[in-house]
Every structure is written in structure tokens, then in C-alpha cells.
Amino acid sequence: MGTGDFICISMTGGAPWGFRLQGGKEQKQPLQVAKIRSQSKASGAGLCEGDEVVSINGSACADLTYPEVIQLMESITDSLQMLVKRPVGVPFLSLEDQPHLPCPQHLLGHGSLPSVTLAKPPTGC
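Residues numbered from 1 in each chain as written. Predicted model: local features only at pLDDT ≥ 70, side-chain atom pairs only at ≥ 80, totals over all residues. Heavy atoms only, no water.

### Considerations on the overall build of the protein
Step number 1: Per the secondary structure count, the protein includes two helices and six strands.
Step number 2: Burial status across the protein gives 42% buried among its 125 residues.
Step number 3: Pairs at least 24 residues apart make up 68% of the contacts formed inside the protein by residues separated by at least 6 positions.
Step number 4: Of the roughly 7,100 Å² that the protein leaves accessible, carbon and sulfur atoms contribute 53%. (Helix = DSSP H or I, 4+ residues; strand = E, 2+ residues; numbered from the N terminus. Buried < 20%, exposed > 50% of the residue type's maximum accessible area, 1.4 Å probe, protein only. Contact = heavy atoms within 4.5 Å. Areas by Shrake-Rupley, 256 points an atom, 1.4 Å probe, with all protein chains shown as cover.)

This is the structure:
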């Protein structure tokens, strides 16, 4: 992983979440957000295209294949918490009244990661 900010994205209410992923271990590519639907839970939560997904509900994604990630996503019924890594220079977008705080410790998974940092004020993805 290169440089960037770690951001916790939280959504509730169940699928559809409003984003599409690409990559995975079998493709030797990091798991990344490929597409965000406008007016979706994902866009309202501040998820951006190009974000690298580090963990989903506490499960580290680095060693998961794309089918394993899909299976994990399908098992989530109400609350989705993602730790994502956003490349340096990509601004943070969120609903103005919704604070984005560092992820709870359990979202960091079992790997050794730098501390979570807050991104810059909203200006668009």
C-alpha cells in the first residue's frame, strides 16, 4: 500500500449499499471501490471511487479473493463498517451533519496498520 489516509466509513439499513468493488487476491490487485451510485448510502457516507478497502466489519481484505469478499458482503444484514485507505490528495466527502470518526479498534483487523487519521474537510471526491 502506498501513502494515504485511513478513513472509517459506516452505513446502516442493509443492502443495497450503492457501490461496486474490483480487485482481490486472485487478481493480485488491492480491493478497491470501482463505482459509487449517486444518492446511495455509500455516497452519503463519504465512500469514493478508488478507495482501497482494508477491512469490512473487522475482516481484513488483503488476503481475500473477490468471491470471498462478495460472500462476506452478502452476509452483512444491517450495519456495514469499512476501513478504507484513500490516496493522498483525494478529498473527503460526507454529509455535512454526519461526523466521521476514527474506526473502532476492531476494524483494524489483525494486521499491523498505522493509526487511523481523519481526512480533510468535505470538498468532493
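### Digging into the environment of Ala34
Step number 1: Positionally, Ala34 belongs in strand β3 (residues 29–36).
Step number 2: It is 8.3 Å that separates the C-alpha atoms of Ala34 and Asp51, two residues lying 17 residues apart in sequence.
Step number 3: Apart from the residues within four sequence positions on either side, Ala34 is in contact with Arg20, Leu21, Gln22 and Glu49.

### Quick look at the environment of Glu52
Step number 1: Mapping Glu52 onto the fold places it in strand β4 (residues 52–56).
Step number 2: Remark: the alpha-carbon pair of Glu52 and Pro30, spanning 22 residues in sequence, is separated by 6.6 Å.

### Comments concerning the pairing of β4
Step number 1: Counting buried residues along β4, five of its five residues qualify, which places the element largely inside the surrounding structure.
Step number 2: Across four bridges, β4 lies against strand β6 (residues 79–87) in antiparallel orientation. Within β6, the residue paired with Ile56 across the bridge is Met82.
Step number 3: Bridge count between β4 and strand β5 (residues 59–60): two bridges; the pairing is antiparallel. Its bridge partner being in β5, Ser55 is matched across the sheet by Ala60.
Step number 4: What sits between β4 and β5 in their antiparallel hairpin is a turn of two residues, with Asn57 showing a positive phi close to 45 degrees. (Pairing = 2+ DSSP bridges.)

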